[in-house]
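A look at the structure
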Amino acid sequence: MKIKHKPQDFRVKELLADGYLAERGRHRVYRVTKTKLTSFEAARALADFAGVEPSEVGLAGLKDRQGVTTQFMSVQGGKPVTWKSADLRIETAGFAHDALTSDRSIGNAFEVTLRRVDEPARARIAKALDEVRAHGFVNYFGEQRFGNLRFGQGWIARLLALGEHEEALKQLLCGRSDADDARHKEFKQLLAARWGNWRACRDIAGKYGAHHSVFEQLGRDPEDFASALRRVAARLRLIHLYAWQSHLWNRAVSRYVAEITPARDRMFVSSLEGELAFARTELASDPAMVNQFRLPGVALADVKHPRQKELFTAVLADEGLTPEQYRIEGQSGFRLKGEDRELVVRPRRLKLDVDAEDGGRVLLRFELPRGSYATLLVARLAGRFTHEFRPDTDAPRDARR
């Protein structure tokens, strides 16, 4: 069974809240459809066409680089833009009184094509479809969140929590993976070979146009790795912070789902950062949770549910940390912020179409709220699947820089 065999096999359309688009307004809102481009690359193109700075383009969220994705972007002022090419289409969708932000997104509509699905697998998917319609599925973070693992960088934020700033910086800049392209592979090899010779590393960074200021700082103070890390783009550092926080959430939730679900109703799906437990029936979670499982903040201080706190404490122990150590020191703007996350979500408009004549092709259509992952729903429905190529999102593409 294959997912994302072709870009057209994974289609996403952003859904905006009613009332945002208007016939008039200070901001022109564009519908942007892209293939093999990150959201930031598409936003930069729109900014260039409109004659504004990229920072003036409003977005509600980021979309996969692979696949065919449609999202909205807002621009105040600038030249009106209409553009159509093989990988990018930009057209006016309307106007708005305010810049587009994540608050205006209510989720995404997906069309996912699975290929080479044999008859027994189609039967399993149809049965799982009924279960998910009735009971929803566990709202894990998907592998798009964990580009750090694909690119061999590990858990940078964990190293920072442990105070291992040099190792964190080295893994961030030199961690190697088979997913690296030739240029990034060469860049990382050269840096690793000359690590500690900060002048040489600075020259390499200058040649490749990345992280030059990091090694300028180390040239001034060879032992101040915390300051050097602050020279890494804040967005890149935050990618790693969110990845580790999401990993801990997945690990704690998977333990919880496994412990409250009878073996006959329990299933596991492999993922990039570990096995994930699902329930085939209604998840028997504590009603006091009100279907919320905390994404933990500093030192777990904001995790009020006793069992959730116990689970996070156990997961942190596996990471070599105590709850008190769950914090990042020496990195401004890099604080672990907690928030509630839905434990179970229910897809809207979930439909299945089967074309047995076309090599066992299965088309899944559904809508998910913002922050939920289509690949996790597909994994729950299919039980297991392989990728012709991995989903390649904005985060991994930035992470390997």
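Here the structure is shown first, and the text comes after it.
Residues numbered from 1 in each chain as written. Predicted model: local features only at pLDDT ≥ 70, side-chain atom pairs only at ≥ 80, totals over all residues. Heavy atoms only, no water.

Things to note about the overall build of the protein chain
Broken down by element type, the protein chain carries 13 helices and 17 strands. Relative to the compact-globule value of 21 Å for 401 residues, the protein chain shows a C-alpha radius of gyration of 22 Å, a close match. On the principal axes, the C-alpha backbone points of the protein chain span a range of 60 × 55 × 40 Å. The 401 residues of the protein chain split such that 53% are buried. Sequence separation of 24 or more characterises 74% of the internal contacts of the protein chain that already satisfy a separation of 6 or more. Summed over all atoms, the accessible surface of the protein chain reaches about 18,100 Å², with 46% contributed by carbon and sulfur. (Helix = DSSP H or I, 4+ residues; strand = E, 2+ residues; numbered from the N terminus. Rg over C-alpha atoms; globule rule 2.2 N^0.38 Å. Buried < 20%, exposed > 50% of the residue type's maximum accessible area, 1.4 Å probe, protein only. Contact = heavy atoms within 4.5 Å. Areas by Shrake-Rupley, 256 points an atom, 1.4 Å probe, with all protein chains shown as cover.)

As for the side chain of Arg 294
Tracing the sequence through the fold places Arg 294 in strand β12 (residues 292-295). Its relative accessible area of 19% is what places Arg 294 among the buried residues. Excluding its chain neighbours within four sequence positions, the residues that come into contact with Arg 294 are Trp 249, Asp 302, Val 303, Gln 308, Phe 312, Gly 338, Glu 339 and Asp 340.

Regarding the environment of Ala 205
Position of Ala 205 relative to the elements: it lies in helix α7 (residues 198-208). On the basis of relative accessible area, Ala 205 is assigned to the buried category, the value being 0%. Sequence-wise, Ala 205 and Leu 190 are 15 residues apart; in three dimensions their C-alpha atoms are separated by 9.5 Å. Those residues in contact with Ala 205 that sit more than four places away from it in its chain are Phe 187, Ala 210, His 211, His 212 and Phe 215.

Details of the packing of aromatic side chains
Between two aromatic rings, the relevant description is the distance of the centres plus the angle of the planes. Under the defined criterion, the tally for this structure stands at 16 aromatic pairs. When the ring of Phe 293 is compared with that of Phe 312, the centres are 5.7 Å apart and the planes differ by 65°; the resulting orientation is edge-to-face. A residue pair is termed long-range when its members are at least 10 positions apart, and Phe 293 in strand β12 and Phe 312 in helix α11 (residues 306-318) qualify at 19 residues. Overall, the relative accessible area of 1% leaves Phe 312 in the buried class. An aromatic cluster is built from Phe 141, Trp 249, Tyr 256, Phe 293, Phe 312 and Tyr 373, whose rings are joined through pairwise contacts. Sitting above the plane of the Phe 40 ring, Arg 235 keeps its charged end 4.0 Å from the centroid. (Phe/Tyr/Trp six-rings, centres within 6.5 Å; stacked < 30°, edge-to-face > 60°. Lys NZ or Arg CZ within 6 Å of the ring centre and 35° of its normal.)

So, the pairing of strand β16 (residues 361-368)
Most of β16 sits out of view: 6 of its 8 residues are buried. Relative to β16, strand β8 (residues 105-115) runs antiparallel, the two sharing 7 bridges. Note on β16: the bridge partner recorded for Val 112 is Leu 364. Here 6 bridges tie strand β15 (residues 348-355) to β16, and the two strands are oriented antiparallel to one another. Each bridged residue has a counterpart across the sheet, and for Asp 355 the counterpart in β16 is Arg 361. The antiparallel pairing of β15 with β16 creates a hairpin that spans 5 residues between the two strands, and Gly 359 there sits at a positive phi of about 65°. (Pairing = 2+ DSSP bridges.)

A few points about the packing of α7 against helix α8 (residues 212-220)
Helix packing geometry: the angle between the two helix axes and the distance between the axes. At a minimum axis distance of 8 Å, the contact between α7 and α8 shows a crossing angle of 165°. Relative to α8, the element α7 lies roughly antiparallel. Considering how the two elements wind past one another, α7 and α8 form a crossing that is left-handed. Residue-level inspection shows Trp 198, Cys 201, Arg 202, Ala 205 and Gly 206 of α7 in contact with α8, the latter providing His 212, Phe 215, Glu 216, Leu 218 and Gly 219. Residues of the contact of α7 with α8, tallied by class, amount to 5 nonpolar, 3 polar and 2 charged. (Axes fitted to C-alpha atoms, helices over the stretch in contact; angles between N-to-C directions. Parallel < 35°, antiparallel > 145°, perpendicular 65-115°, else oblique. Left-handed = near helix turned anticlockwise from the far one by under 90°. Nonpolar A, V, L, I, M, F, W, Y, C, P; charged D, E, K, R; others polar.)

Overview of a negative patch on the surface
On the surface, Glu 164, Glu 166, Glu 167, Asp 221 and Glu 223 cluster together into a negatively charged patch. Mapped onto the fold, Glu 164 is located in the loop between α4 (156-161) and α5 (165-174). (Patch = residues over 30% accessible without salt bridge, like charges linked within 9 Å, V, L, I, M, F, W, Y side chains within 5 Å. Salt bridge = Lys/Arg side-chain N within 4 Å of Asp/Glu carboxyl O. Lys, Arg positive; Asp, Glu negative; His and termini not counted. Charge placed at Lys NZ, Arg CZ, Asp CG, Glu CD.)

Some points on the packing of helix α6 (residues 182-193) against α7
Taken N-terminus to C-terminus, the directions of α6 and α7 make an angle of 165°; their axes are 10 Å apart at the nearest point. Relative to α7, α6 is oriented roughly antiparallel. In this structure, the crossing between α6 and α7 has a hand that is left-handed. Here α6 contributes Arg 183, Glu 186, Phe 187, Leu 190 and Leu 191 to the contact with α7, which in turn contributes Cys 201, Ile 204, Ala 205, Lys 207 and Tyr 208.

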